[in-house]
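Below are the chains, spelled out letter by letter.
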Amino acid sequence: MSVRPAWEVRENADATRWFDVCLAFTDGARVDALAVVAGGSVGVEDVRAQPALSLDDLAVLADWIEDSLAEACGAGAAPVGDVGSGRRARPAWPRGVEGRWLVAQEYRAAQRSGADPVLAVMCATGHSRRKSLRLIGQARDAGLLPPRRARR
C-alpha cells in the first residue's frame, strides 16, 4: 500500500487535497485509485484495478485505504507516547479463546453473506493475510470452524 500526495488546491482557509493510492497484492493484483480529501470528507474519484474488482470489493475499498490515507493527511498520526513503536496501531483484538471465537464468528458471517471470509477476518482484526489465516487455522484447531478438507 502506498499513498502519495498528488496535488492540493487552497481557497482561503479551506484546502482540497488529492492522493494517488496504490494497493499491490502478492498475487499480482493491483488497485490504483485517486482519492480526494475536502471539508473533512473523503471521496474516491477514479479506480483502476487489474483484475477488475467485484462490487463487494469496490464497497470495501474505502476500508482498505482508510488508515493509510488518514496517515498521509496527518489525521492518523500516532500520539506522542507511541512515536517510538514503529508499528501502525490496529484495533484491539482479544487473544486466546475469545479471539478465536470472534474470528470464527467473522468468518461464518462473511460466508453467509457471500463475501470473502479471509478478507473479513483481515478487516476485523487489522492483521495481514498471513496472520489472519493463522488465526483462522487456530479457530479450526479449537473446533470452532469445520476442517478445510474431509479426512480420508
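Residues numbered from 1 in each chain as written. Predicted model: local features only at pLDDT ≥ 70, side-chain atom pairs only at ≥ 80, totals over all residues. Heavy atoms only, no water.

### What about the confidence of the model for the protein?
- Per-residue pLDDT for the protein averages 78, and the proportion of residues at 70 or more is 86%.
- Scored below 50 in pLDDT, residues 76-88 shows four contacts in the model against residues more than four places distant or in partner chains. (pLDDT = per-residue confidence, 0-100. Contact = heavy atoms within 4.5 Å.)

### Re the side chain of serine 132
- When you line up the elements, serine 132 lands in helix 5 (residues 129-141).
- Once residues within four sequence positions are removed from consideration, serine 132 is found in contact with Val118, Val121, Met122, Thr125 and His127. (Helix = DSSP H or I, 4+ residues; strand = E, 2+ residues; numbered from the N terminus.)

### Digging into the pairing of strand 4 (residues 41-50)
- Here strand 3 (residues 30-38) runs beside strand 4; their pairing, made up of nine bridges, is antiparallel. Directly across from alanine 33, in strand 4, lies its bridge partner valine 47.
- Once strand 3 ends, the chain turns through two residues before running back antiparallel as strand 4, passing glycine 39 with a positive phi of about 60°. (Pairing = 2+ DSSP bridges.)

### A closer look at the packing of helix 4 (residues 117-125) against helix 5
- The N-to-C vectors of helix 4 and helix 5 enclose an angle of 105°; their axes lie 9 Å apart at closest approach. Of the possible angle classes, the one that applies to helix 4 and helix 5 is roughly perpendicular. On the side of helix 4, the interface is formed by Val118, Val121, Met122 and Thr125, while helix 5 contributes Arg129, Ser132, Leu133, Leu135 and Ile136.
- Across the contact of helix 4 with helix 5, the residue classes tally to six nonpolar, two polar and one charged. (Axes fitted to C-alpha atoms, helices over the stretch in contact; angles between N-to-C directions. Parallel < 35°, antiparallel > 145°, perpendicular 65-115°, else oblique. Nonpolar A, V, L, I, M, F, W, Y, C, P; charged D, E, K, R; others polar.)

### Concerning the packing of aromatic side chains
- Evaluation of the coordinates by the stated rule reveals one aromatic pair.
- For the pair tryptophan 7 and tryptophan 18, a centre-to-centre distance of 5.1 Å together with 25° between the ring planes defines the contact as stacked. Pair noted here: tryptophan 7 is in strand 1 (residues 2-11) and tryptophan 18 is in strand 2 (residues 14-24), with a separation of eleven residues, a long-range link. (Phe/Tyr/Trp six-rings, centres within 6.5 Å; stacked < 30°, edge-to-face > 60°.)

### A short note on the pattern of salt bridges
- Following the criterion strictly, the structure yields four salt bridges and no others.
- For arginine 48, the salt bridge goes to aspartate 46, with nearest N and O atoms at 3.6 Å.
- Since its relative accessible area comes to 33%, aspartate 46 is described here as partly exposed. (Salt bridge = Lys/Arg side-chain N within 4 Å of Asp/Glu carboxyl O. Buried < 20%, exposed > 50% of the residue type's maximum accessible area, 1.4 Å probe, protein only.)

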